[in-house]
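Take a look at the letters that make up each chain.
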Amino acid sequence: MAHANDPTIHTRQAPSPASAWLILGLIFMAVQFASLFTPPLLDDVDASNAQVAQHMAESGDWVTMKIDGIRYLEKPPLPYWLDASFYWIFGQNVFATHLPNVLAMLGLAWLAWLWTVRGWGERAGLYAALGVLTSIGPFIYTRFAIPEALLSFLLLYALWSFITGLEDRRSIQFYGMWVALALATLTKGLIAPVFFAAAVLPLSLLSGQWRRWREMKPVTGFLLYFAIAAPWHILVGLANPDRGHPVGNYPTFGNVRGFWYLYFMNEHTLPLLGGRFPNDYNKMPFALYWLAHLVWLFPWSVFLPALLVMGWRTRHGWMQHLHRGSSQTVDFYIEHAAREDVASYVARLKFRVRSAWLLSLFAGFTLLFFAISTNQESYTFPAWIPLLMLIAGVLAGIEERRGPEGQRPLLSQKWLDGAQALFSVAGILAAAALGWGLWESRNLPFVPDIGTLLAHRDVGGYTFSTPHLFDLTGPSFAALRLPASMAAIALLVGPALGWILRARDKHLPATLSVALTSAVFLVAAHIAFARFEPLLSSRQLADTIVAKGSPSDSLIVYRDQSDASSVIFYTYSFLRKPAYIVVEPCSPDRNGSSLLWGSCYPDAPHIFLSEDQLSRNWGTGERKWLFEQDTRQSRAEQLLVGRLYPVQSIADKALWTDRPLK
């Protein structure tokens with residue numbers, strides 16, 4: 001406890017834990033939990049991953065994963081195991097599919113709060129949890145079924161178990177570390193132990209903690225890790241060996257390498273060398289990659305300059321308090337003799353310093369790794385939470401007028417004033433842009449199918465996650481009046497109110513206004529996101545097939561199955577068979593990339609049709625439904641001219657059948 005007459009310590013007010021978690025709970029329910037119900041599963045990665053879990057739940061095969069009946073061996077199984085388990089409980093729907101993401105976000109908020117409270121105090125813990133729940137990046141990349149949120153939670157828990165195991169000298173914590181690391185490996189593969197080691201090993205060497213390696217249970221812990229992570233890898237490898245006589249890294253039909261090569265070489269090693277097959281990964285431009293993180297961490301990235309400046313100004317003391325005996329000097333104890341419990345103060349100080357090192361090493365390595373390797377916008381998700389925790393620690397320290405070791409703060413509160421001003425300017429500009437869109441669309445009718453009104457500029461080839469934001473037009477904006485109005489009001493009022501509070505030294509309310517403004521904006525963003533349903537999901541077409549078809553019908557997808565993955569998912573319980581795909585199996589031109597490798601197996605089901613087979617079979621046998629995306633350049637209409645019966649079209653997707661509907 002600081003001496004009452006210490007002028008460098010400001011009154012450290014923060015909501016009680018109950019109040020803090022009431023605030024966090026309300027924001028979590030509004031931003032995360034409410035999103036479990038809309039929109040339905042999206043085409044491409046969302047519904048494709050759901051198909052994997054659907055296959056597990058339907059077949060009982062939890063070893064060999066499949067999409068539309070075709071082997072899908074590229075990814076680890078834990079996210080699909082969770083979804084399949086939830087399907088048994090809640091049914092095969094969007095709620096069950098996205099529930100692991102939402103629970104992972106709740107776990108991240110809890111863990112960020114727990115860790116940051118211990119390292120930087122109650123106020124910092126609240127800010128860290130708010131950052132997790134109200135930053136743009138974590139919000140965007142939990143709207144569909146990808147494993148980044150789950151991976152981030154497991155890795156952060158492994159790091160937490162490591163540092164608390166060392167600080168508290170509790171061996172059980174290290175067993176938790178090994179379990180979390182094994183589960184992270186089953187979530188995203190070998191990058192989990194690599195990223196973990198990239199942070200833990202340097203810290204152990206710099207702090208001298210490597211001498212305590214026996215406490216980390218390297219033998220029994222690794223055996224536990226192996227017992228959890230290895231069985232699936234062994235079983236799936238035995239069930240899916242090499243077939244035929246594969247040569248090189250390019251499979252041909254009947255000649256394909258098995259799981260172990262595909263998983264460890266093609267998916268883990270060759271992407272670093274640019275030799276993965278198929279090479280369907282985009283790489284963000286270098287400058288855009290770094291600048292994008294200002295968006296993913298927004299609005300808390302406005303405080304990022306303060307974190308960087310704080311790090312620079314303390315650079316000469318980075319090693320101080322890192323070693324076990326670094327603070328055990330007579331001068332140190334004399335300087336802090338006024339404190340009631342110097343030993344507890346030293347323990348807290350060392351934990352804070354080592355936490356800052358560990359979080360910085362982990363975030364830094366993750367960011368640098370993907371700056372060099374192939375990347376997508378969501379790949380650096382695991383680094384975002386440590387950065388938000390560090391930002392929260394610095395932000396709370398400046399507000400409480402607390403510097404390193406309780407000394408005078410190295411940064412004045414002008415840094416917070418500047419950040420708040422920047423947030424206000426950004427809010428005004430964004431509100432103005434939204435207001436302009438609302439004004440331009442004021443006389444335009446509301447059209448529910450927003451996809452028909454987009455510009456289709458094909459920014460980035462639509463291989464990144466957010467290109468349709470560049471397709472918005474005046475008419476399409478008419479469908480977004482409600483969320484745009486909500487967002488405009490929040491961005492205009494919230495930042496301005498926060499600026500006034502900050503100017504009056506009401507720092508806690510000012511920072512809470514940042515979080516609440518972002519929360520309202522994200523709720524509005526989700527409403528807007530749901531309005532894109534006709535463009536992003538084909539659930540409506542699936543409902544039409546179920547309502548007007550019969551279980552004996554067949555679904556045919558022109559081009560890649562990922563274009564219609566939500567149709568396949570939502571019609572499977574009705575049709576009870578895979579969809580046919582009009583694409584060459586095991587294509588040397590790398591067509592149909594989501595099923596490419598699995599389609600090369602000689603025992604792959606015969607779901608692939610040539611255009612000639614489609615033409616010959618069309619109109620014969622049972623009723624056929626044909627799905628195609630991008631109707632402006634419809635190859636199907638050219639191929640089957642005069643024999644197509646239009647059923648329904650939404651956005652850039654069309655559904656036909658081969659005979660009149662009754």
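Predicted, not measured: the structure shown is a model, and the values here were computed from it.

K.L.:
Whenever I open this one, the environment of L482 confuses me. Can you help?
P.N.:
Structurally, L482 is set in helix α20 (residues 481-503). Judged by its relative accessible area of 46%, L482 falls in the partly exposed class. A sequence separation of 46 residues divides L482 from A528, and the C-alpha atoms of the two residues are 8.3 Å apart.

K.L.:
Help me understand the environment of G274 in this model?
P.N.:
Along the chain, G274 turns up in the loop between α12 (270-273) and α13 (286-296). Given the relative accessible area of 51%, G274 is considered exposed. The sequence separation of G274 and T374 amounts to 100 residues, and the corresponding C-alpha distance is 7.9 Å.

K.L.:
Sorry, what's going on with the pairing of strand β6 (residues 624-629) here?
P.N.:
Two faces, one strand: in a regular strand the side chains alternate between the faces of the sheet. Along β6, five of the six residues are buried, which leaves the element largely enclosed by surrounding structure. Judged from the four bridges that link them, strand β3 (residues 554-558) and β6 form a sheet pairing that is parallel. By the bridge assignment for β6, S554 is matched with K624. In terms of strand pairing, β6 meets strand β8 (residues 653-657) through five bridges, oriented antiparallel. What sits directly across from Q629, in β8, is K653.

K.L.:
Explain a nonpolar patch on the surface here, please?
P.N.:
Taken together, F222, F226, I234, L238 and W260 make up a surface patch of nonpolar side chains, about 510 Å² in accessible area. Looking at the nonpolar patch element by element, the count peaks at four residues for helix α10 (residues 218-239). The topology assignment puts F222 in helix α10. Exposure remark for F222: the relative accessible area of 41% places this residue in the partly exposed category.

K.L.:
Is there a simple way to explain the pattern of salt bridges in this structure?
P.N.:
It is possible for side chains bearing opposite charge to pair when their charged atoms get close. Here the structure, examined in full by the defined rule, presents 14 salt bridges. A salt bridge links R576 to E58; its shortest N-O distance comes to 2.8 Å. Taken together, the positions of R576 in the loop between α24 (565-575) and β4 (580-582) and E58 in helix α2 (residues 45-59) put the pair 518 residues apart, joining distant regions of the chain. The partly exposed category is assigned to R576, whose relative accessible area is 44%. Of the charged contacts, one joins R502 and E399 as a salt bridge, the two residues approaching to 2.8 Å between their closest N and O atoms. Note that R502 is positioned in helix α20 and E399 in helix α17 (residues 381-399), a separation of 103 residues in sequence. With respect to burial, R502 and E399 carry one shared label: buried. Residues joined in a network through salt bridges with shared partners are R123, E399, E400 and R502.

K.L.:
Would you take a moment to explain the packing of helix α7 (residues 148-168) against helix α9 (residues 191-207) for this structure?
P.N.:
In helix packing, the relevant descriptors are the interaxial angle and the interaxial distance, both defined with respect to the helix axes. Contact geometry of α7 with α9 gives a least axis separation of 11 Å together with a crossing angle of 30°. It follows from the interaxial angle that α7 and α9 lie roughly parallel. Taken as a pair, α7 and α9 cross one another with a handedness that is right-handed. On the side of α7, the interface is formed by L151, L155, A158, L159 and F162, while α9 contributes I191, A192, F196, A199, V200, L203 and S204. Partitioned by chemical class, the residues of the contact of α7 with α9 number eleven nonpolar, one polar and no charged.

K.L.:
Explanation requested: the nonpolar core in the structure shown.
P.N.:
Generally speaking, soluble globular proteins have nonpolar side chains that are buried together. Judged by nonpolar contacts, the single largest core of 169 residues is most densely connected at W115, L130, F162, F196, L358, I385 and L555. Considering each element in turn, this core owes the most residues, 15 residues, to helix α4 (residues 94-120). Residues within four places of I385 in sequence aside, it is in contact with L108, A112, V132 and L156.

K.L.:
What's the story with α4 in this structure? I'm lost.
P.N.:
Residues separated by three or four positions in an α-helix point in the same direction, a consequence of the helix having 3.6 residues per turn. In a regular helix each residue adds 1.5 Å, so 27 residues correspond to 39 Å; α4 covers 38 Å between its end C-alpha atoms and thus fits that length. Along its length, α4 reaches its greatest deviation from straightness, about 35°, at P100. Counted residue by residue, α4 has 22 buried out of 27 residues, so it is predominantly covered. Among the residues of α4, the N-terminal cap falls to N93, whose side-chain oxygen and the backbone nitrogen of F95 are separated by 3.2 Å.

Rules used in this analysis
Residues numbered from 1 in each chain as written. Predicted model: local features only at pLDDT ≥ 70, side-chain atom pairs only at ≥ 80, totals over all residues. Heavy atoms only, no water. Helix = DSSP H or I, 4+ residues; strand = E, 2+ residues; numbered from the N terminus. Buried < 20%, exposed > 50% of the residue type's maximum accessible area, 1.4 Å probe, protein only. Pairing = 2+ DSSP bridges. Patch = residues over 30% accessible without salt bridge, like charges linked within 9 Å, V, L, I, M, F, W, Y side chains within 5 Å. Areas by Shrake-Rupley, 256 points an atom, 1.4 Å probe, with all protein chains shown as cover. Salt bridge = Lys/Arg side-chain N within 4 Å of Asp/Glu carboxyl O. Axes fitted to C-alpha atoms, helices over the stretch in contact; angles between N-to-C directions. Parallel < 35°, antiparallel > 145°, perpendicular 65-115°, else oblique. Left-handed = near helix turned anticlockwise from the far one by under 90°. Contact = heavy atoms within 4.5 Å. Nonpolar A, V, L, I, M, F, W, Y, C, P; charged D, E, K, R; others polar. Core = buried A, V, L, I, M, F, W, Y, C linked by side-chain atoms within 4.5 Å. Expected span 1.5 Å × (residues − 1). Bend = angle between axes of the 7 residues up to and from the residue. Polar contact = N/O pair within 3.5 Å; in protein donor to acceptor, adjacent residues only side chain to side chain.

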